[in-house]
Amino acid sequence: MIYLAKYIVVTGGVVSSIGKGITAASIGRILRSYGLDVTAIKIDPYLNWDSGTLNPYQHGEVFVTYDGMETDLDLGHYERFLDVNLSGESNITTGKVYMSVITKERKGSYLGSCVQIIPHITDEIKQMVRKMADKTQADVVLVEVGGTVGDIESQPFLEALRQLRNEEGHDNVMFVHVTYVPHLKAAGEFKTKPTQHSTKELRSTGIIPDMIICRSEEPIDTPLKKKIAHFCDVEPNAVVNAPDASSIYEVPLVLDRENVGKYIINRIKLGIDENSHDLSDWENIVESLKKEEPKVRVGIVGKYVELEDSYMSIRESLKHAAAHVGAKVEIEWISAEDSINTEKLKDLDSLLIPGGFGERGISGKLDAVRYSIENQVPLFGICLGMQCMVIEYARLHGLEEAHSTEFDVDTPYPVIDMMEEQKKIKDMGGTMRLGSYDCKLQKGTLAHTAYQEDMVEERHRHRFELNNEYREELENKGLKISGTSPDDFLVEIIELKDHPWFLGCQFHPEFKSRPNRAHPIFVSFMQATVDHKK
Ligand code: GLN
């Protein structure tokens, strides 16, 4: 059978952080509105095998796929915009490509040949890209190349994708280049030269862009688009403007108004009517996210609060849940670095403690737990957040100096301890308890009421757990265990009896929230936040 998958390659130029991931995800959303199956690949040209060992301050949140891969946060955008579950193979890194080629070389697969970037590395890249198309049988595979055109690191990827267009044919592969058009205040005008230069740089790799998406602060006009079309040698209707939007969820609508879908449908011959799409469900989502009242304020008590991208999925999940309950959420970022002045928490309607690693920020998080218990303020703890809830609860109930052995190996009360199977692991990369596992819910609990289900599946990323030796004692003191692994062995969710809303989960629900399907625990938390404000 001839394979007919269509590929849309998205590159970026001029500067980084212009929202290439959102732009690519928005293209995907538009194509989905034509009834097409769309999947996505993010290429990260760094040498790390995955994102798991990267500092969130540099790369933002680590997004965990259902099959347990620690990936780039752009996969989160793809899952939320396309409403699909991507596998770990959707994140290709230089590390993965080289590891695979070197493993083959050691096995003798290339016996006799000198192993080189071209053809061996580029062949491996093409194989990884095609594998996603084969596996998903998607109509369209979006391939976003991380970094900026001109980076040394991304060259083998661009070369491989150039070859892909040659091999798959012009009708099956197209290139979209996302650039930035700055507005110079002093000159009072937009400048197209950086876009021209970066297009020239892209062309020097042999790639001819079919479409240029110009990001800008303010809308640019038609003569300017014509100028870009002329100098960059693309069709005038393939120069698209995406000015800053008030919400990332508006970008598909912005690109749709610029007829991005229509151009793509015809350019890669998708064989469907260019007008046969319906974005009304997405319009409804955008509308529901615009609600301004009632406003609630949620404090996120974390270690990486200077870079909001570190908690990207949590932030988005809160927005989805707020829209679901008909409220507007404002997030207050509270640094847990030092102990918290609780005066700062007084105006907040609820608190959330996200996941994390390492001792730094722990004392501030424990302060927030105590504040929530003493003042009956809703508190949602995720992963490390849940572990902090257990530690502080134990401390408040006679187990002074209770701790996690992650932070104090000599604690007299190790209420959080490393999971047994983790104790023999030495390597740091990809070795945590990762990905989807079942969680059994107890009837009559906050969790069960929220999910309305007996068994749920959630994504994990941890090495530590509630120590079963303290389980009974903590339960006797009033801690409620509302979710466990199906064999009852691992505590997945804890709650408190005498509290309006106090729930901690060992898993990361934020990875499963979608704008059209807010996560049940986030919805329950947001409702409690609204109720607390009243
Ligand atoms: N550091 C904790 C653990 O490994 C929590 C991890 C997390 O919050 N993702 O269990």
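Report on the accompanying structure. (Residues numbered from 1 in each chain as written. Predicted model: local features only at pLDDT ≥ 70, side-chain atom pairs only at ≥ 80, totals over all residues. Heavy atoms only, no water.)

1. Side note on the side chain of aspartate 210
Note the threshold: Here a strand is any run of E in DSSP of at least two residues, a helix any run of H or I of at least four, and the numbering for each starts at the N terminus. Whenever a nitrogen or oxygen atom comes within 3.5 Å of another N or O atom, the pair is scored as a polar contact, on the condition that within protein one atom can donate a hydrogen and the other can accept it, and that pairs from neighbouring residues in sequence are kept only if both atoms are in side chains.
Considering the arrangement of structural elements, one finds aspartate 210 in the loop between helix 7 (193-203) and strand 10 (211-216). A distance of 2.7 Å separates a polar atom in the side chain of aspartate 210 from the backbone nitrogen of phenylalanine 175. A polar side-chain atom of aspartate 210 sits 3.0 Å from a polar atom in the side chain of arginine 267.

2. Some remarks on the sheet that holds strand 1 (residues 6-12)
The condition that has to hold: Here the rule is simple: two strands pair whenever DSSP picks up at least two bridges between them. Where helices are involved, their axes are fitted lines through C-alpha atoms of the stretch in contact, as for all axes, and angles between N-to-C directions lie from 0 to 180°. We call two residues contacting when some pair of their heavy atoms lies within 4.5 Å.
What the seven strands build is an open sheet, ordered 5-2-6-1-7-10-11; its pairing is parallel. The sheet is open, and its two borders are formed by strand 5 (91-93) and strand 11 (239-243), each paired with just one other strand. Pairs of neighbouring strands in the sheet enclose a mean axial angle of 20°, with direction left out of account. In the sheet, strand 2 (residues 38-44) pairs with strand 5 via three bridges, with the strands oriented parallel. The residue of strand 5 that forms the bridge with lysine 42 is asparagine 91. Contacting strand 2, strand 5 and strand 6 (140-145), helix 3 (residues 74-82) crosses the sheet at an angle of about 170° to strand 2. Lying on the sheet, helix 6 (residues 155-168) is in contact with strand 1, strand 2, strand 5, strand 6 and strand 7 (173-180); it crosses strand 7 at an angle near 145°.

3. Considering the layout of surface pockets
Just so we agree on the cut-off: Here the term cavity refers to a set of points on a 1 Å grid, laid over the protein atoms alone, in which a 1.4 Å probe fits but cannot get out; the term pocket refers to an open set having protein on both sides within 12 Å along at least five of seven lines, with lining residues being those that place an atom within 4 Å of a point. Grid points are joined across faces, edges and corners, and a volume is the space filled by probe spheres set on the points. Nonpolar residues are Ala, Val, Leu, Ile, Met, Phe, Trp, Tyr, Cys and Pro. Charged residues are Asp, Glu, Lys and Arg, and all others, Gly as well, are polar.
Reported here for the second largest pocket is a volume of approximately 620 Å³. Around the second largest pocket, the lining is made up of 29 residues, and of these Gly52, Gly356, Phe357, Met432 and Arg461 lie nearest the centre. Breaking the lining of the second largest pocket down by element, the ones donating at least two residues are helix 14 (384-396) and strand 19 (455-462). Considering only residue class, the lining of the second largest pocket consists of 14 nonpolar, nine polar and six charged.

4. Digging into the sheet that holds strand 17 (residues 413-418)
One key point about sheets: their strands pair by backbone hydrogen bonds, in either a parallel or an antiparallel sense. With mixed pairing, three strands are arranged side by side in an open sheet as 16-17-20. Two strands lie at the open edges of the sheet, namely strand 16 (402-404) and strand 20 (464-466), each paired on one side alone. The mean angle between the axes of side-by-side strands here comes to 30°, regardless of whether they run parallel or antiparallel. With three bridges joining them, strand 17 and strand 20 adopt antiparallel strand pairing. Each bridged residue has a counterpart across the sheet, and for methionine 418 the counterpart in strand 20 is phenylalanine 464.

Shape is all these values report; function is a separate question.
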